Amino acid sequence: MTLRFVGKDPESGDHGSPAAWVFEETRDLLFQGWSADEQTTMASTRDVALPANEALIRIPRRMIPLLREALDVAESDELR
């Protein structure tokens, strides 16, 4: 398994932070983010059940450009 690091929240400094990677072999995306609070989790499960092996990850709006970059990397031929 090879992960390509795309970037992390520019406002996080040296702390653990929201971040994005792309699995080079499968082009799947991997995100590190804030765990959703109970209220958000309850609201989301009205639409889709949350299995025990899944988690809701909250990514700040300021990371939208980074997420676009991760999507572009995943769709490109650059990794092949």
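As a reminder, the structure under discussion sits directly above these lines.
Note that the coordinates shown come from a computational prediction; the quantities given were computed from them, not determined experimentally. (Residues numbered from 1 in each chain as written. Predicted model: local features only at pLDDT ≥ 70, side-chain atom pairs only at ≥ 80, totals over all residues. Heavy atoms only, no water.)

Further remarks concern the overall build of the protein. Each helix and strand in the protein was counted, giving two helices and five strands. Across its three principal directions, the C-alpha atoms of the protein cover 40 × 30 × 20 Å. Partitioning the contacts of the protein with sequence separation of at least 6, the portion at a separation of at least 24 is 46%. Accessible surface, the protein as shown: approximately 6000 Å² in total, 50% of it carbon and sulfur. (Helix = DSSP H or I, 4+ residues; strand = E, 2+ residues; numbered from the N terminus. Contact = heavy atoms within 4.5 Å. Areas by Shrake-Rupley, 256 points an atom, 1.4 Å probe, with all protein chains shown as cover.)

Relative to the elements of secondary structure, Ser-12 occurs in the loop between β1 (3-8) and β2 (19-23). Its relative accessible area of 13% is what places Ser-12 among the buried residues. Within the structure, Ser-12 has its side chain in polar contact with the backbone oxygen of Asp-9 (distance 2.8 Å). (Buried < 20%, exposed > 50% of the residue type's maximum accessible area, 1.4 Å probe, protein only. Polar contact = N/O pair within 3.5 Å; in protein donor to acceptor, adjacent residues only side chain to side chain.)

Turning to the nonpolar core, a few remarks are in order. The biggest cluster of nonpolar side chains holds eight residues, and these are Val-6, Ala-20, Val-22, Met-63, Leu-66, Ala-70, Val-73 and Ala-74. Mapped onto this core, the elements with two or more residues apiece are β2 and α2 (64-75). Ranked by residue count, the leading element in this core is α2, at four residues. Discounting chain neighbours no more than four positions away, the residues touching Ala-70 are Val-6, Ala-20, Val-22 and Leu-29. (Core = buried A, V, L, I, M, F, W, Y, C linked by side-chain atoms within 4.5 Å.)

Here β2 runs beside strand β3 (residues 29-32); their pairing, made up of four bridges, is antiparallel. Of the residues in β3, the one forming a bridge with Ala-19 is Gln-32. Hairpin remark: β2 followed by β3, antiparallel, with five residues in the connecting loop; positive phi at Arg-27, about 70°. (Pairing = 2+ DSSP bridges.)

Spatial relationships are all this shows, so hold off on functional conclusions.
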